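If you want the building blocks of each chain, they are given just below.
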Amino acid sequence: MRQKFAFIFQILVLVLFTSFMSGCWLFDDDDSTTTTTDPEPPDAPEALDTVVSGIILDASTNLPISSAITVAVTEEGTATTKTRSVGGDSVSSFSTSAGFVSFTIADGTTLPVDFTMTASGTGYITSASKVAITASGDYSFEIRLTPTTVDTSGDTIQVNTTTASADNTGATTAEISVDTSTGLGANGDVTITIPSGTVLRDADGDLVTGNIEVVAAFFSNQDTAVTSARESSMNAFPGGINTAQVDTDEDGTTSAFVSGGFATITIKDDNGNEVTTLSQPITIVANVPADTVNTDASPVAFVQAGDTIPVWSFDESTGEWTLEGNSTLGVLDGGSNTLPASYDVTHLTSFNWGYKIDTCNPTFNVPEVSSTVDLLWVVQAKTSGAAGKGFYTSDITTLTQGTTSVQLTNMPDDIPVNLLILNSDGTVTFVDNDYSDICTGSNNDISITYDDSQTYADVTVNVKWACESPLADQTVGVPSTPLALYSTSGSTWYGTTNSSGTYTFSDIPVNAVVS
């Protein structure tokens, strides 16, 4: 399959104020005559010190979501009082139908401050991301939402939905069972069972009654293809598979997961009220692919029956994963090549069966670059003998003239990995299937043949306030306007206009494709 790496792109602009200025004409209406003053162009708004911009993508199309999405901003699980709209209003929840939101922070906010952005909308599974504001400047985030009705049969994401009901006491009127086994096979699946009489409550503790929709989604750790890593289910991992906020004790440090797959369970009534807690345990069974890497084993090995695999839950209000407990893997199913892992829960969110690992930021020495090039770096977990599944991430780096080294962030520490590097034309320029530890630096001198046929361009955006007639030729540059430039491959570049209302995106690939 060939996909656009960067060629077709679109610019999203969140303008500070409403389209055209309405104050260029001044009217004095006395019911008999209308007079006008000499019009003058408006003053430009003041520049903002800090702008946070985010793009919300449909995980099935890799494009910004064009339906109504709400992004709530919280601190430690509570709606923040520190965010402002770009127009200056105090708000902690932002709405968009363009897949793009932006906000600033209140004057006098003590830094650093950590925000969690939770995106939700009808027809999508809720997810979240975090951003840490450490100093004045521009910040960005990305959230990928999976549709509840996407046709992913045979892919690495499987969603299944059923309808049921709860009586006026909030109790389910019959046992509810949902499974996602269709189409995934050896990629794994999940089944949930909700006992009859289970009382459903929302986040405020109110009963959820009447007709309900139960959605189960399973995200397999089986990547689709290394050259289409942006389409992998691992890229829908809440918070990021290699930038997970893991709260194991009290630290909440950034770590990575070697995941056996993760599942999201949601229940909503006809009014969109979402169930968060249950009166009794429900059973979730994840069928974990047998080539999932067990990093707790010594040496690192594939999972097998009897292994313990940790179960984690995601808190959408804090953006953190918390250890729920452990599940013991059952007997191998030879037909699907998976092992069952059963766990009982009394709340609903995303659940991950996986091993937490430490990360590092390794530096690779590369041949000096003579002109701008793009490289796609792909990292995959493995055992000492064969490629495995569970940690799969990619990173697109742009190397400018004179570059002799590249640093990757949040790479898996102290486990063997495969490393694959591709040029923007899809050719493999480097492969090493035996990195015993990517973090040691002992094998980080890399020989690469660059593809110098790729061309690049700068894209300049001017955002201006424009008056209506007779000042149609009068414009004022609008500073601090958030911008997002994205390609159909999922690459996104962010920027904020300067004091003149201008921003230039540098080194944007033109007409490049990856097989």
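The structure presented is a predicted model; accordingly, all values stated were derived computationally and were not measured. For every chain, the first residue of the written sequence is number 1, and numbering continues from 1 along that sequence. Selection of residues for local features in this predicted model requires a pLDDT of at least 70, selection of side-chain atom pairs for listing and counting requires 80 or more, and totals for whole chains, interfaces and linings are taken over all residues. Excluded from the side-chain calculations are hydrogens and water; all other atoms, namely the structure's heavy atoms, are used.

A short note on the overall build of the chain
Working step 1: Per the convention used, a helix needs a DSSP run of H or I reaching at least four residues, while a strand needs a run of E reaching at least two, with both numbered from the N terminus. Along the backbone of the chain there are zero helices and 44 strands.
Working step 2: The buried share of the chain, taken over its 515 residues, is 51%.
Working step 3: To be clear on the numbers: accessible area is Shrake-Rupley with a 1.4 Å probe, and residue cover counts the displayed protein chains and nothing else. Summed over all atoms, the accessible surface of the chain reaches about 21600 Å², with 44% contributed by carbon and sulfur. Partly exposed residues are those whose accessible area sits between 20% and 50% of the maximum for their type, while under 20% is buried and over 50% is exposed, using a 1.4 Å probe and protein chains only.

Considerations on the nonpolar core
Working step 1: Membership of the largest hydrophobic core comes to 34 residues, with the highest contact counts inside it found for Leu200, Val214, Ile267, Ile284 and Trp353.
Working step 2: Going through the elements one at a time, β17 (176-179), β18 (189-194), β20 (210-219), β22 (253-269), β23 (277-289), β26 (308-315), β28 (338-347) and β29 (350-357) are the ones with two or more residues in this core.
Working step 3: In this structure valine 214 touches Asn160, Thr161, Thr162, Ile176, Val178, Ile192, Ile194, Thr266 and Ile267, once residues within four positions along its chain are discounted.
Working step 4: Grouped together as the second largest cluster of nonpolar side chains are 30 residues, Phe364, Trp377, Phe391 and Leu419 included. In plain words, nonpolar cores are sets of buried Ala, Val, Leu, Ile, Met, Phe, Trp, Tyr and Cys residues tied together by side-chain atoms within 4.5 Å. Contact between two residues is taken to exist if any of their heavy atoms lie within 4.5 Å; hydrogens are not considered.

Some words on unusual backbone geometry
Working step 1: With an omega of 5°, the peptide bond running from leucine 111 to proline 112 counts as cis.
Working step 2: Topologically, proline 112 is positioned in the loop between β11 (100-105) and β12 (113-120).
Working step 3: Of note, the amide linkage connecting serine 298 to proline 299 takes the cis form, showing an omega dihedral of 0°.
Working step 4: Mapped onto the secondary structure, proline 299 falls in the loop between β24 (293-294) and β25 (301-302).

Remarks on the packing of aromatic side chains
Working step 1: Here the aromatic set is Phe, Tyr and Trp, taking the six-membered ring for Trp, and pairing holds for ring centres within 6.5 Å; pairs whose planes are under 30 degrees apart are stacked, those over 60 apart are edge-to-face, and all others are tilted. All told, the structure shown has eight aromatic pairs when counted by the stated rule.
Working step 2: For the pair phenylalanine 364 and tryptophan 377, a centre-to-centre distance of 5.3 Å together with 45° between the ring planes defines the contact as tilted. Residue phenylalanine 364 is found in strand β31 (residues 363-365), and its partner tryptophan 377 is found in strand β32 (residues 373-382); the two are separated by 13 residues along the sequence. Residue phenylalanine 364 shares its accessibility class with tryptophan 377, and that shared class is buried.
Working step 3: For the pair tyrosine 503 and phenylalanine 505, a centre-to-centre distance of 4.9 Å together with 75° between the ring planes defines the contact as edge-to-face.

Concerning the side chain of aspartate 307
Working step 1: Tracing the backbone through its elements, the reader meets aspartate 307 in the loop between β25 and β26.
Working step 2: Identification of polar contacts relies on pairs of N or O atoms within 3.5 Å, with a donor-acceptor requirement for protein atoms, meaning one able to donate a hydrogen and the other able to accept it, and with residues adjacent in sequence counted only if both atoms are side-chain atoms. A distance of 3.0 Å separates the side chain of aspartate 307 from the backbone nitrogen of glutamine 304, its partner in a polar contact.
Working step 3: With near-sequence residues (within four places) excluded, aspartate 307 lies in contact with Asn294, Phe302, Ser327, Thr328 and Leu329.

Quick look at the state of the cysteines
Working step 1: Criterion for a disulfide: a pair of cysteine sulfur atoms within 2.5 Å. Going through the model one piece at a time under the given rule, you end up with one disulfide.
Working step 2: The disulfide bridge from cysteine 360 ends at cysteine 439, spanning 1.8 Å between sulfur atoms. Classification of the bridge connecting cysteine 360 and cysteine 439 rests on its S-S torsion, roughly -80°, and on that basis the disulfide is left-handed. Of the two residues, cysteine 360 sits in strand β30 (residues 359-360) while cysteine 439 sits in the loop between β37 (428-435) and β38 (455-462), which places them 79 residues apart along the sequence.
Working step 3: Its relative accessible area of 23% is what places cysteine 439 among the partly exposed residues.

Overview of the pattern of salt bridges
Pairing between side chains of opposite charge can happen when the charged atoms of each approach one another.
Working step 1: The salt bridge definition used is simple: a Lys or Arg side-chain nitrogen within 4 Å of an Asp or Glu carboxyl oxygen. Applying the stated rule across the entire model yields four salt bridges.
Working step 2: Between lysine 82 and glutamate 75 there is a salt bridge whose closest N-O contact spans 3.3 Å.
Working step 3: On the accessibility criterion, lysine 82 (27% relative accessible area) is partly exposed.
Working step 4: The salt bridge involving aspartate 358 is made with lysine 356; its shortest N-O contact spans 4.0 Å.
Working step 5: Classification of lysine 356 by relative accessible area gives partly exposed; the value is 29%.

Some details on the environment of valine 215
Working step 1: With respect to the secondary-structure elements, valine 215 resides in strand β20.
Working step 2: The sequence separation of valine 215 and aspartate 179 amounts to 36 residues, and the corresponding C-alpha distance is 9.4 Å.

Quick notes on the confidence of the model for the chain
Working step 1: One number per residue, pLDDT, summarises how confident the predictor is, and it ranges from 0 to 100. Averaged over the chain, the pLDDT score is 79; the fraction of residues at 70 or greater is 78%.
Working step 2: By mean pLDDT, the top-scoring element of the chain is strand β19 (residues 200-201) (97), and the lowest-scoring one is strand β1 (residues 3-6) (33).
Working step 3: Taken together, the stretch residues 1-9 has pLDDT below 50 and engages in 42 contacts with residues farther than four places along the chain or on a different chain.
Working step 4: Taken as a whole, residues 224-231 scores under 50 in pLDDT and shows 29 contacts with residues more than four places along the chain or in a different chain.

Looking at the pairing of β18
Working step 1: Relative to β18, β17 runs antiparallel, the two sharing four bridges. Note on β18: the bridge partner recorded for serine 177 is threonine 193.
Working step 2: In this sheet, β23 lies alongside β18 in antiparallel orientation, the contact comprising five bridges. Bridge pairing in β23 places aspartate 189 opposite asparagine 287. Two strands make a pair as long as DSSP finds a minimum of two bridges between them.

Details of the side chain of threonine 397
Working step 1: As for its placement among the helices and strands, threonine 397 is situated in strand β33 (residues 387-399).
Working step 2: Here tryptophan 377 takes part through its side chain, which lies 2.8 Å from a polar atom of the side chain of threonine 397.
Working step 3: Beyond its immediate stretch of four places on either side in the chain, threonine 397 contacts Val373, Asp374, Leu375, Trp377, Val406 and Leu408.

Thoughts on the environment of threonine 209
Working step 1: Tracing the backbone through its elements, the reader meets threonine 209 in the loop between β19 and β20.
Working step 2: Each C-alpha atom of the pair threonine 209 and lysine 268 lies 9.4 Å from the other, and the pair is 59 residues apart in sequence.
Working step 3: If sequence neighbours within four positions are ignored, threonine 209 has contacts with Ala166, Asp167, Asn168, Gly170 and Asp269.

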